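Observations on the three-dimensional arrangement
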Amino acid sequence: MNHQLLVAEYLATPWALMPERLSAVTAVITRWSGDARASDEVMHSVAADRNARDARRQSSVSNSGGGIAVLPLYGIVTQRGNMVDDVSGPGTASTQQFSNILRAALQDETVSQILIDIDSPGGSVYGVAELADEIVSARAQKPVVAIANSLAASAAYWIGCSASEFYVTPGGEVGSIGVWQAHQDYSKAMDEAGVKTTLISAGKFKVEGNPYAPLNEEAQGFMQSRVDDYYAAFTKAVAKGRGVPISQVRDGMGQGRVLGADAALASSMVDGIATFEDVVKKMRRDARAQIKPNASRLNQARNSLALM
């Protein structure tokens, strides 16, 4: 019963994450709370996935060159550290750690452009708005481009929209614009198990929405208001990043679904469909095009000085 209550508390956090992707993390938390050890087969799979993820991250970073810094954003988005390390799949990505890497790239004089390489189903809402705002501010210093390679869903899409340009790979997906949380009522199960819980608290709403009792209308209304607040911030950020009305974000753009590349482009959710390599080539062309006018202006200034 204890592990079920832990999972219930975990699900009560507001998520900007594809719901089906949370099941793997929930399974890990359930195992932890029950002091159960993962099988050798599962741990081998986790290790293989982690090695593949690290290799991909290293490969992505190695593409940094020509003044382009590639910043990987892979896995479930969390605010601090790695929330769940022993989970097979994409792993986790910390908004706090990503911010540190972004700041380092901005301070690096050898970096003229930044490319955010995204492969994430989204994650916790905590820290996402702050990171998105930081990326918007970074655009005033250096061009910041993002690519869904191959998934940028929910919180990850929120982050991608903060870049000055946003692309998706031909086989990629973006979207899942929405926020959700869950309440699980274990009161009947606990009664059947002969467990009676008495909550002792101070503060009118301190234990509101607890899993030991059915969710009442007032508590549900407050939980809905939290989800609505985060959804409002999410859609406002997408509208600003994509240059469209908020109504277009809410009434279109998948309405909580992820969309394939063609549908996403038709809905103005991305600026184009391109492979990672194509985006890097475009950024290098843009950099060269920027250098030529600067060189031309410098020559004109020199000629003017020579005539004086």
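In this text, all values refer to a predicted model and were calculated from it rather than measured experimentally.

**Here's the deal with the overall build of the chain**
A count of helical and extended segments in the chain gives 11 helices and 11 strands. Going through the 308 residues of the chain one by one, you find that 41% of them count as buried. Taking all contacts inside the chain whose residues are at least 6 apart in sequence as the whole, residues at least 24 apart take part in 71%.

**Brief notes about a positive patch on the surface**
Taken together, the side chains of Lys 281, Arg 284, Arg 285 and Arg 288 define a basic patch exposed on the protein surface. The topology assignment puts Arg 288 in helix H11 (residues 276-307).

**So, helix H8 (residues 217-242)**
Between the first and last C-alpha of H8 there are 36 Å, a value that for 26 residues agrees with the 38 Å anticipated at 1.5 Å per step. When H8 is considered as a whole, its buried residues turn out to be Ala 219, Met 223, Val 227, Tyr 231, Phe 234, Thr 235, Val 238, Ala 239 and Arg 242. Where H8 is buried, its residues meet strand E1 (15-17), helix H6 (155-160), strand E8 (165-168) and helix H9 (246-251). For H8, the side-chain oxygen to backbone nitrogen distance between the N-cap and Glu 218 is 3.2 Å, and the N-cap itself is Asn 216. Phi turns positive one or two residues past the end of H8, at Gly 243, with a value near 70°.

**Digging into a nonpolar patch on the surface**
Together, Leu 199, Val 207 and Tyr 212 line one region of the surface with nonpolar side chains, adding up to about 210 Å² of accessible area. With respect to the element layout, Val 207 can be found in the loop between helix H7 (187-192) and H8. A residue is classified by how much of its surface remains accessible, and Val 207, at 30% relative accessible area, is partly exposed.

**Remarks on the packing of aromatic side chains**
Tallied over the full model, the rule gives 3 aromatic pairs. Where Tyr 126 meets Tyr 230, the ring centres are 6.5 Å apart and the plane angle is 70°; that geometry is what we call edge-to-face. With a gap of 104 residues between them, Tyr 126 in the loop between strand E6 (122-124) and helix H5 (128-138) and Tyr 230 in helix H8 connect regions that are remote in the sequence. Taking relative accessible area as the criterion, Tyr 126 reaches 32% and is therefore assigned partly exposed. Each ring, one from Tyr 157 and one from Phe 166, has its centre 5.6 Å from the other, and the planes form 35°; the classification is tilted. Each of the two residues, Tyr 157 as well as Phe 166, counts as buried.

**Regarding the pattern of salt bridges**
Here the structure, examined in full by the defined rule, presents 4 salt bridges. Where Arg 103 meets Glu 134, a salt bridge forms, and the shortest distance between an N and an O atom there is 2.6 Å. With Arg 103 in helix H4 (residues 95-107) and Glu 134 in helix H5, this pair connects stretches of sequence that are 31 residues apart. On the basis of relative accessibility, which here comes to 42%, the residue Arg 103 falls in the partly exposed class. Three or more residues joined by partner-sharing salt bridges are found here, namely Glu 165, Lys 282 and Asp 286.

**Examining the pairing of E8**
Bridging between strand E7 (residues 144-153) and E8 involves 4 bridges; their strand directions are parallel. For Ala 146, the partnering residue across the bridge sits in E8 and is Phe 166. Pairing analysis gives 2 bridges linking E8 to strand E11 (residues 272-273), with the strands arranged parallel. The residue bridging Val 168 from the neighbouring strand is Ile 273, located in E11.

**Let's talk about the nonpolar core**
Ile 114, Ile 116, Tyr 157, Phe 166, Val 174 and Ile 177 are the most contacted members of the largest nonpolar core, which totals 49 residues. Those residues in contact with Ile 177 that sit more than four places away from it in its chain are Tyr 157, Tyr 231, Phe 234, Thr 235, Val 238, Val 249, Met 253, Gln 255, Gly 256 and Met 269. Counting residues in each nonpolar core, the second largest holds 11 residues, with Leu 115, Ile 147, Ala 274 and Val 280 among its members.

**As for the environment of Lys 236**
The residue Lys 236 is located in helix H8 in this model. Given the relative accessible area of 57%, Lys 236 is considered exposed. Sequence separation between Lys 236 and Arg 250 is 14 residues; the distance between their C-alpha atoms is 9.6 Å.

**Brief notes about unusual backbone geometry**
A negative phi angle is the norm for most residues apart from glycine, just as the trans form is the norm for most peptide bonds. With an omega of 20°, the peptide bond between Asn 149 and Ser 150 qualifies as cis. On the secondary structure map, Ser 150 appears in strand E7. For Ser 154, which is not glycine, the phi dihedral falls at a positive 50°. Examined against the element boundaries, Ser 154 turns out to sit in the loop between E7 and H6. One non-glycine residue, Met 253, adopts positive backbone phi at about 50°. Counting through the fold element by element, Met 253 comes out in the loop between H9 and strand E10 (258-260). For Met 253, a relative accessible area of 2% translates into the label buried.

Cut-offs used in this document
- Residues numbered from 1 in each chain as written.
- Predicted model: local features only at pLDDT ≥ 70, side-chain atom pairs only at ≥ 80, totals over all residues.
- Heavy atoms only, no water.
- Helix = DSSP H or I, 4+ residues; strand = E, 2+ residues; numbered from the N terminus.
- Buried < 20%, exposed > 50% of the residue type's maximum accessible area, 1.4 Å probe, protein only.
- Contact = heavy atoms within 4.5 Å.
- Patch = residues over 30% accessible without salt bridge, like charges linked within 9 Å, V, L, I, M, F, W, Y side chains within 5 Å.
- Areas by Shrake-Rupley, 256 points an atom, 1.4 Å probe, with all protein chains shown as cover.
- Salt bridge = Lys/Arg side-chain N within 4 Å of Asp/Glu carboxyl O.
- Lys, Arg positive; Asp, Glu negative; His and termini not counted.
- Charge placed at Lys NZ, Arg CZ, Asp CG, Glu CD.
- Expected span 1.5 Å × (residues − 1).
- Polar contact = N/O pair within 3.5 Å; in protein donor to acceptor, adjacent residues only side chain to side chain.
- Phe/Tyr/Trp six-rings, centres within 6.5 Å; stacked < 30°, edge-to-face > 60°.
- Pairing = 2+ DSSP bridges.
- Core = buried A, V, L, I, M, F, W, Y, C linked by side-chain atoms within 4.5 Å.

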